[in-house]
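# Breakdown of the fold
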Amino acid sequence: MAVYPEITPRELRPARHFFYVALALSRMEFKLRYFGSVLGYLWSFLRPFLLFGVLYVVFTKIVRAGAGVEHYPVLLLFGLVLFNFLADATMMGLPSLVSRESLLRKVSFPRASIPIAVTATAAANLGLGLVVVLLLALVNGVGARASWLLLFPLVLGVIVFAAALALLLSVLFVRYRDVQPVWDVALQFAFWATPIIYTIGFIPERYRQFVMLNPLAVAVEQGRHWLVGSEVPTAEAVMGSYAKLLLPAAVFVGVIALSVWTFRRRSASIAEEL
Amino acid sequence: MTRGSDRGRAAVSCSNIWKQFRLPYDRPYTLKQRVLHPKRSHAARVLDALKDVSFDVEAGEFFGVIGRNGSGKSTLLKCLAGIYVPNQGDIGVAGRVSPFIELGVGFNPELTALDNVVVNAALLGIPAQDARRSFPEVMRFAELEEFENLKLKNYSSGMYVRLGFAAAIQARAEIYLVDEVLAVGDAQFQEKCFDTFRRLKRENRTVIYVTHDLATVERFCDRALLLERGEVMALGEPTDVIKVYRRRNLEEEQEAGLRPTTEEAARRWGDGSAEILDAWFETDDGTRQRVLLQGTTVTFKARIRFHSAMDDPVFGVIIKNEREDHVLVTNTLFDELRTGRFEAGDEIVYSASFELLFADGVHTASPAVAYQDAQRFADWQEDAVSMIVRGDRFSGGIVDLPHETLVERTAETEPRAPQARVSSGAE
């Protein structure tokens, strides 16, 4: 008679369980997405850079909107990499619960680990993208500087924001299947409403504050400042005062709170609703 | 609901569990529908999946839960596993619960065994490095050592369940929830699973086993629970509970009477020179029955009308059990019976009588009329009628032949009278 293998799981607090599952799932996701074919990974990684190439040519040679902007390619790529991450995490996160239906209906584990794992996978890609941004900055003549270190907490904030959106969208999608096309359109809108291909200077002054209500716009703007220095104004300068920055901060906190609240309220009944 | 509370020696204690599902008539799945019909979502039917279910399972018990499809067995198990939250009632669980609700949950066919086992372990609360360390043991237990680096999509279904079982058993728990997992896989694998569960039981761990397989309940369970439409119908000794279950099934089958099920209105072929109008089973007093008792004499009958003339047609019938074994095959050619000439419009009744030695379970009869050569068919009606054989026990065999068993001492010991002699089989 074979002796069965056995491990005594450590005392299982939900937070620990959550962490194990999120880690294992994101690893699996990463393997599936990227190790299946080398070219597959390359394409997925290159996508923002190819888009960058197209936009760069269009906006410096044809439309010439970016032609006069100092370090335009660095600013453009930074915006694209951040936005691409947000889009990736949310578009993959949105159907993540529904597509793991069988798992949810058969095992009890912290449900949030699924959308969080998807966000973590996208974040790994973001990390690589940012390395390329910094390399491009050096090539473009931006000297390495201490303020680059501030990009880490900033990017962390964006990751948290994306995770909150992924949580919210994933649990809404269980109930409402048209969240997907709606979010698709919302992302298109956000792409143009965020200073990615343009800098905030192109927006007429009285609209700038509206654009900056979007936490992602604040992150891109402030990140650009820390990236290349005083050629780009700080988020505070754009808004006019620190007090006004509380507005996008409130949006940021509000989205997180809404998503956590919604997820907690719904998570116990996800298995029944699938 | 309290989890992890220890109430005396009970490993699991359920008191007055209610679980309701809202089944909307027309589910507002989209925001648009929701906005246009804000009231409609309230038009939902409430289904009581579990009604006031109470029972305790003691530590070290092998506890069976039986009941038909839709009786609430799986819902109960999911409540115990924490996947569903009961609307009312209290579930107390002393110790860790390991759900075997399905084997190989979360397995991805594109990944190797190692990757899948690590993910599975994480779901059960085991960190990756621990899972990697014990991975060779898991593979040894699953008898899959040579296939470590194979992607799961290249595994056979048997290998897949073996890996699933080994991966699931590796998380130590005090309570194991098992939902029919053993129905898949070969007999050897099932034995291994049960061995494991018996071993767990000896270590004072608890197994709650949900199944349709009454034989295993009788063989392994200490106690059993019968659910019907979400209510507890019986709780106690497995043999008693199974008796209640069978009696209730029998009553319902008789109520359902001779109405054929849809699956009986099945496949049919032939050139139509003859037509099987009707087929049925009779007891020896000549009444049509669908539920027949083992050991009685039974007659299969088919009424046949000819639409064109046939010389020496062959009449026959195949009776199959649920596993599609051909339990009885007979035709007039075997008996070298020259049946003669039939004209268009003639009607006959073909019958085959036999002593009912079939094992307990559903059997279907497929009658046929063929030409003399028994190669071309006038009419073949697959599964034209079914009957349910009821024996006093479920043996697992195809037929229950009368037999005698004997236990004797070997030559080394003093020659004595036989120790035990048992006669068995249908009388």
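Residues numbered from 1 in each chain as written. Chains lettered and ligands numbered in written order. Predicted model: local features only at pLDDT ≥ 70, side-chain atom pairs only at ≥ 80, totals over all residues.

The next subject is the overall build of chain A. Assigned secondary structure in chain A consists of 13 helices and 0 strands. Counting from the amino terminus, chain A carries its helices and strands in the arrangement α-α-α-α-α-α-α-α-α-α-α-α-α. Taking all 274 residues of chain A together, 39% fall into the buried category. In chain A, the proportion of contacts linking residues at least 24 apart, taken out of those at least 6 apart, comes to 78%. (Helix = DSSP H or I, 4+ residues; strand = E, 2+ residues; numbered from the N terminus. Buried ≥ 20, exposed ≤ 12 C-beta atoms within 10 Å, placed from the backbone. Contact = placed C-beta atoms within 7 Å.)

Before going further, it helps to spend a moment on helix α4 (residues 128–141) of chain B. Residues and elements named next belong to chain B. Here α4 spans 19 Å end to end across 14 residues, near enough to the 20 Å set by a 1.5 Å rise per residue. Residues of α4 that are buried include every one of A131, F135, V138, M139 and F141, and no others. Tucked inside the fold, the buried residues of α4 contact α3 (113–123) and α5 (157–169). Just downstream of α4, E143 is the residue with a positive phi angle, here 55 degrees. (Expected span 1.5 Å × (residues − 1).)

A few words now on the sheet that holds strand β13 (residues 297–306) of chain B. Residues and elements named next belong to chain B. Spatially, β11-β13-β18 is the arrangement adopted by the 3 strands of the open sheet, whose pairing is antiparallel. Strand pairing shows two members of the sheet lacking a second neighbour, β11 (274–283) and β18 (347–355), which therefore form its edges. Taking each pair of neighbouring strands and ignoring which way they run, the sheet shows an average axis angle of 15 degrees. (Pairing = 2+ DSSP bridges. Axes fitted to C-alpha atoms, helices over the stretch in contact; angles between N-to-C directions.)

The next thing to look at is the sheet that holds strand β6 (residues 175–179) of chain B. Residue and element names in this part refer to chain B. Reading across the sheet, the 6 strands line up as β5-β6-β7-β3-β8-β9 and stay open at both edges, with mixed pairing between neighbours. Only two strands of the sheet have a single partner each, and these edge strands are β5 (97–100) and β9 (231–236). Pairs of neighbouring strands in the sheet enclose a mean axial angle of 15 degrees, with direction left out of account. Here strand β8 (residues 223–228) pairs with β9 via 5 bridges, running antiparallel. Note on β9: the bridge partner recorded for L225 is L235.

So, about the interface of chain B and chain A. Between chain B and chain A, the residue contacts involve 41 residues of the former and 32 residues of the latter. The set of elements that each furnish at least two residues to the side of chain B that touches chain A consists of α1 (31–36), α3, α4, α5 and α6 (187–202) of chain B. Taken together, the residues of the side of chain B that touches chain A sort by class into 24 nonpolar, 8 polar and 9 charged. (Nonpolar A, V, L, I, M, F, W, Y, C, P; charged D, E, K, R; others polar.)

Here we take up the confidence of the model for chain B. Residue and element names in this part refer to chain B. Predicted confidence across chain B gives a mean pLDDT of 82, with 85% of residues reaching 70 or more. Contacts from residues 258–266, a stretch scored under 50 in pLDDT, to residues over four places away or in other chains number 11 contacts. Scored as a complex, the prediction yields pTM 0.69 and ipTM 0.79. (pLDDT = per-residue confidence, 0-100.)

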